[in-house]
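Below, each chain spelled out in residue letters.
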Amino acid sequence: MANALPPCLLLALLLLPLALPAPHERGLIFNLDTGELCLQSAQCKSGCCHRGSGLSLARCAPKAAEFQACSPKSIYGVYYKCPCESGLTCDADKTIVGSITNSDFGICQDPRSSNGSR
């Protein structure tokens, strides 16, 4: 019996295929659709796990479009304002206090636009 797998490892190996999605299918942990509960942005198809307030549940949400409120990319993985769509930048006041308190919000701007600055 020296070659037997520990029970917890065996259980993890059995549950792993259920948690990982097939291409273009929703999974239990990753590849979540807009509106589904999440813990980290990496779980969402959109790349944004959004929370309305400190006490609300986080749900997957679409990224912010041009001229919408946004947050710069964060190490926390959960946002009060989603980061910008691809190709846009979040024109925010990036201070150390704002990044710690997750309150450094801005507006999505197209960097190629001539009127993109404030």
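Predicted model, so just to flag it, every value in this text is computed and none were measured.

### Topic: the overall build of the protein
Then, number 1: Counting its secondary structure elements, the protein contains two helices and five strands.
Then, number 2: Ordering the α and β elements of the protein from the N terminus gives α-β-β-β-β-α-β.
Then, number 3: Expressed as a percentage of the 118 residues in the protein, the buried residues total 28%.
Then, number 4: Taking contacts inside the protein between residues at least 6 apart in sequence as the whole, the part at least 24 apart equals 34%.

### As for unusual backbone geometry
Then, number 1: Residue Asn 31 is not a glycine yet carries a positive backbone phi of 65 degrees.
Then, number 2: Given the relative accessible area of 21%, Asn 31 is considered partly exposed.
Then, number 3: Not every positive phi belongs to a glycine, and Phe 67 is a case in point at roughly 75 degrees.
Then, number 4: Residue placement: Phe 67 occurs in the loop between β2 (59–60) and β3 (69–70).
Then, number 5: With a relative accessible area of 56%, Phe 67 lands in the exposed category.

### Notes on the confidence of the model for the protein
Then, number 1: With 72% of its residues at a pLDDT of at least 70, the protein reaches an overall mean of 82.
Then, number 2: Across the protein, element-level confidence peaks in β2 with a mean pLDDT of 98 and bottoms out in helix α1 (residues 7–19) with 60.

### Section: the packing of aromatic side chains
Then, number 1: All told, the structure shown has zero aromatic pairs when counted by the stated rule.
Then, number 2: Residue placement shows Lys 81 over the ring face of Phe 105; its charged tip is 5.8 Å from the ring centre.

### A closer look at the sheet that holds β3
What holds strands together in a sheet is hydrogen bonding between their backbones, with the strands either parallel or antiparallel.
Then, number 1: Taking strand neighbours across the sheet as the criterion, the three strands line up as β3-β5-β4 in an open arrangement whose pairing is antiparallel. Looking at the sheet topology across the chains shown, the edges are occupied by β3 and β4 (89–92).

Rules behind the numbers
Residues numbered from 1 in each chain as written. Predicted model: local features only at pLDDT ≥ 70, side-chain atom pairs only at ≥ 80, totals over all residues. Heavy atoms only, no water. Helix = DSSP H or I, 4+ residues; strand = E, 2+ residues; numbered from the N terminus. Buried < 20%, exposed > 50% of the residue type's maximum accessible area, 1.4 Å probe, protein only. Contact = heavy atoms within 4.5 Å. pLDDT = per-residue confidence, 0-100. Phe/Tyr/Trp six-rings, centres within 6.5 Å; stacked < 30°, edge-to-face > 60°. Lys NZ or Arg CZ within 6 Å of the ring centre and 35° of its normal. Pairing = 2+ DSSP bridges.

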